[in-house]
Amino acid sequence: MIISKIVVLFIIYGLLGWIYETTYCTITNGQWKNRGFLFGPVCPIYGIGAIAMSAVLYLVHSNGVEMKTWQVFVISVIGSAILEFATSWILEKLFHAVWWDYSNLPFNLQGRISLFTSLGFGFGGLLVVYVIAPFVESQVNQFQPLMIELFSLILLSLLIADLTLTVTVLHHFDQFVIEAQDEFNHNMSSIVEGTVRRTSQLKTDIGETKHSLKKRFESMGGYFHGTLRRVSNFKDKNESMESARKSLLSFIK
């Protein structure tokens, strides 16, 4: 029962986080911006943060200690910074990609976190603790235990399916870029080798190679498009993947 309730609350907080992120980015960018790592309307990092904050407050209150507002704020700032930095680092190591970058903001650390965003999450933590969490938990507590169990199973199944799809798309994109590179290099080698014999065909052959790769880009489904839009950029040794991502996005705009 406790685990099922945590799952339901996690999804709700993740949904609220997605609404906030998407609304903010859509307004600032002037166009629809689907934020988050997953396809579905859930930002797991918000769910984790809210659940972690609730757990800390529960442990503190169970020991008879009442936290002051400024203490909640400080914990929210520090906790969000740690969570955001760790999440960014893990995602980059797993997929060599970043979903947010604060390099343009002052007082940032490796572009993963910044002072101003962490302070913003501090105020967000106050909103969660004193407004959102009490309301959400009161609503969830009104459901029968069996309904909470059912909701948690359904929501968890959807979340796992979404996570699997997202990881699969990123993996396939990696393979696609490798295959496209091999094909391009092979074709270019053939073109260069035959340049002396077929000088007049050089421009045509290069154009056909680019057209072939463009067709392959365009044939990639909407799942690929959605995932690559949410990725900010591919880093480190993935310049080819970043170049392919930009090319693909230029085709589907």
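Further up the page is the structure itself.
1. With respect to the layout of surface pockets
Part 1 of the argument: By volume, the second largest pocket is sized at about 630 Å³.
Part 2 of the argument: In terms of lining, the second largest pocket is formed by 25 residues, of which the most central are Y46, G49, A50, F121 and V128.
Part 3 of the argument: Among the elements of the structure, α1 (2-29), α2 (44-62), α3 (69-95) and α4 (115-140) are those that each provide at least two residues to the lining of the second largest pocket.
Part 4 of the argument: Partitioning the lining of the second largest pocket into residue classes produces 16 nonpolar, eight polar and one charged.

2. Describing the pattern of salt bridges
Part 1 of the argument: Under the definition given, this model contains one salt bridge.
Part 2 of the argument: Between E92 and R112 there is a salt bridge, with its nearest N and O atoms 3.0 Å apart. Separated by 20 residues along the polypeptide, E92 in helix α3 and R112 in the loop between β2 (108-109) and β3 (113-114) bring together distant segments of the chain. The pair E92 / R112 is uniform in exposure class, with both members buried.

3. Focus on the packing of aromatic side chains
Part 1 of the argument: As enumerated under the stated definition, the model contains six aromatic pairs in all.
Part 2 of the argument: Aromatic side chains Y20 and Y24 sit 6.2 Å apart centroid to centroid with 20 degrees between the ring planes, which places their arrangement in the stacked category. With Y20 and Y24 both in helix α1 and four residues apart, this pair spans about one turn of that helix.
Part 3 of the argument: Judged by relative accessible area, which is 49%, Y24 ranks as partly exposed.

Analysis parameters
- Residues numbered from 1 in each chain as written.
- Predicted model: local features only at pLDDT ≥ 70, side-chain atom pairs only at ≥ 80, totals over all residues.
- Heavy atoms only, no water.
- 1 Å grid on protein atoms, 1.4 Å probe; cavity = no way out; pocket = protein on both sides within 12 Å on 5 of 7 lines; lining within 4 Å.
- Points joined across faces, edges and corners; volume = space filled by probe spheres on them.
- Helix = DSSP H or I, 4+ residues; strand = E, 2+ residues; numbered from the N terminus.
- Nonpolar A, V, L, I, M, F, W, Y, C, P; charged D, E, K, R; others polar.
- Salt bridge = Lys/Arg side-chain N within 4 Å of Asp/Glu carboxyl O.
- Buried < 20%, exposed > 50% of the residue type's maximum accessible area, 1.4 Å probe, protein only.
- Phe/Tyr/Trp six-rings, centres within 6.5 Å; stacked < 30°, edge-to-face > 60°.

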